[in-house]
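Chain by chain, the residues:
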Amino acid sequence: MDKRPIGIFDSGIGGLTVFKEIRKRFPFEDIIYFGDTARVPYGPKSRNTVIEYSIQNARFLIQQGAKIIVVACNTSSATALTQLQNLLPVPVLGVIEPGALSAINTSTNKRIGVIGTEGTIRSQAYSSAISKLDESCSVFSKPCPLFVPLVEEGWEDHEVTQLTIREYLTSLLQNDIDTLVLGCTHYPIIKSSIQKFVGDKISLVDSAQAVTDKLDEILPNRESKVIGKNRFYVSDNEEKFNSIASKILDLEIEKLIKVKLGEGWFIN
Ligand code: DGL
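Residues numbered from 1 in each chain as written. Predicted model: local features only at pLDDT ≥ 70, side-chain atom pairs only at ≥ 80, totals over all residues. Heavy atoms only, no water.

(A) Focus on the sheet that holds strand β5 (residues 111-116). Strands sit in the order β6-β5-β7-β8 across an open sheet of 4 strands; the sheet is parallel. Each edge of the sheet is formed by a strand with only one pairing partner; in this case those strands are β6 (138-143) and β8 (203-206). Strand after strand, the sheet turns through a mean of 25° between neighbouring axes, direction not considered. The sheet contact formed by β5 and strand β7 (residues 179-183) spans 5 bridges and is parallel. Residue pairing across strands places I112 opposite T179, the latter belonging to β7. Set on the sheet, helix α4 (residues 96-106) makes contact with β5, β7 and β8; between it and β8 the angle comes to about 160°. Across the sheet, helix α9 (residues 191-198) lies against β5, β7 and β8, angled at about 155° from β8, the strand it touches most. (Pairing = 2+ DSSP bridges. Helix = DSSP H or I, 4+ residues; strand = E, 2+ residues; numbered from the N terminus. Axes fitted to C-alpha atoms, helices over the stretch in contact; angles between N-to-C directions. Contact = heavy atoms within 4.5 Å.)

Structure below.
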């Protein structure tokens, strides 16, 4: 039985939607989470910068003993997964392929919408993954960059968020999609508002659930009497992380440590 922790990283708080799903499904595993709150957002950044940050984040988690890395961030998964898999000595799981597979299994008319950050949509990672798995699918993509700051502001139910959803998704809906991939860590937090706008005939695919299904396939679920521990690391703004995290996870974060990543890194 491998007692080393599962390592998860994201550009910030959004990956907690992935953490939450993994924690629920793997109650006896220790989990370490790194949120790069000093350098968020990754969405508008260049490919090379996202790759550089992603490698630093994953290496940090491996230094902390991670036996597997889950790249919760869609932008990192879309941009840096191959580099991470080639470089790192442990398995690395991204959210794109599991999300793509789940979308294909969900769609009946094979017309799939994908929303994400500018970086994720620009990379065409979801459309390539979907076409590779099922070339008869048509994919319609749309970057929705404003959803991230709206969620970070805690405006899940705010009318500005409803208006932004309408603005971004109206044109996407004209493509007769029956499935919509929430290709960004933050979007599951506004899932119910998105569902309300797109209506019941469109199924939403949450990449947090999809990547946890994948983890379930490759990691034997440990049985133990001891509940797994959580450890959280951020690169800045512990207070903000703490308050949003307690809302998303509905739990008090006991262990939150600030680290500074770069050439080397240190723990404050
Ligand atoms: N975590 C990012 C993602 O899933 C969203 C926030 C950001 O732009 O860094 O793509």
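(B) Geometry of the side chain of D10. Mapped onto the elements of the fold, D10 is located in strand β1 (residues 6-10). K240 provides the closest opposite charge to the buried, unpaired D10, separated from it by 12 Å. Only 3.1 Å separates the side chain of D10 from the backbone nitrogen of G12, close enough to count as a polar contact. For D10, the side chain forms a polar contact with the main-chain nitrogen of G15, separated by 2.8 Å. Not counting chain neighbours up to four residues away, the residues in contact with D10 comprise G15, Y33, F34, G35, D36, A72, C73 and T185. (Buried < 20%, exposed > 50% of the residue type's maximum accessible area, 1.4 Å probe, protein only. Lys, Arg positive; Asp, Glu negative; His and termini not counted. Salt bridge = Lys/Arg side-chain N within 4 Å of Asp/Glu carboxyl O. Polar contact = N/O pair within 3.5 Å; in protein donor to acceptor, adjacent residues only side chain to side chain.)

(C) Representation of the nonpolar core within the structure. Formed by 42 residues in total, the largest nonpolar core has its most connected members in I8, L16, I22, L215 and F241. At 5 residues, the largest contribution of residues to this core is made by helix α11 (residues 238-249). (Core = buried A, V, L, I, M, F, W, Y, C linked by side-chain atoms within 4.5 Å.)

(D) Here's a closer look at the site of the ligand. Close to the ligand lie 14 residues; D10, S11, Y42, T75 and T185 are nearest. Contact between the ligand and S11: an oxygen atom at 2.6 Å from a side-chain N or O atom of the residue. Here an oxygen atom of the ligand sits 2.6 Å away from a polar atom, N or O, in the main chain of Y42. Its free accessible area being 300 Å², the ligand has 99% of it covered by the protein chains. Across the shell around the ligand, the residue classes break down as 6 nonpolar, 7 polar and 1 charged. (Near = heavy atom within 4 Å. Areas by Shrake-Rupley, 256 points an atom, 1.4 Å probe, with all protein chains shown as cover. Nonpolar A, V, L, I, M, F, W, Y, C, P; charged D, E, K, R; others polar.)

(E) Layout of the packing of aromatic side chains. Scanning all chains against the criterion turns up 10 aromatic pairs. Between Y42 and Y53, the aromatic rings sit 5.6 Å apart at their centres with planes inclined by 50°, giving tilted as the arrangement. With Y42 in the loop between β2 (31-35) and α2 (47-63) and Y53 in helix α2, the pair connects residues that are 11 residues apart, well separated along the chain. Overall, the relative accessible area of 1% leaves Y42 in the buried class. Here F60 and Y233 contribute two aromatic rings whose centre-to-centre distance is 4.9 Å and whose plane-to-plane angle is 85°, an arrangement assigned as edge-to-face. Taken together, the positions of F60 in helix α2 and Y233 in strand β9 (residues 230-234) put the pair 173 residues apart, joining distant regions of the chain. What makes F60 buried here is its relative accessible area of 0%. Here the aromatic residues F19, Y33, F232 and F241 are joined through ring pairs into a cluster of three or more. Sitting above the plane of the Y53 ring, R39 keeps its charged end 3.8 Å from the centroid. (Phe/Tyr/Trp six-rings, centres within 6.5 Å; stacked < 30°, edge-to-face > 60°. Lys NZ or Arg CZ within 6 Å of the ring centre and 35° of its normal.)

(F) Fine view of the pattern of salt bridges. Within the structure shown, the criterion is met by 13 salt bridges. We note a salt bridge from D36 to R39, for which the minimum N-O separation is 2.7 Å. As far as burial versus exposure is concerned, D36 and R39 are alike and both buried. Between E217 and K214 there is a salt bridge, with the nearest N and O atoms lying 3.7 Å from each other. In this pair, E217 and K214 are both assigned in helix α10 (residues 207-218), 3 residues apart and thus about one turn of the helix distant. According to the relative accessible area criterion, E217 is exposed, its value standing at 60%. Within this structure, E21, K24, R25, D213 and D216 form a network of salt bridges that share partners.

Everything listed here is a matter of geometry and, on its own, says nothing about what the molecule does.
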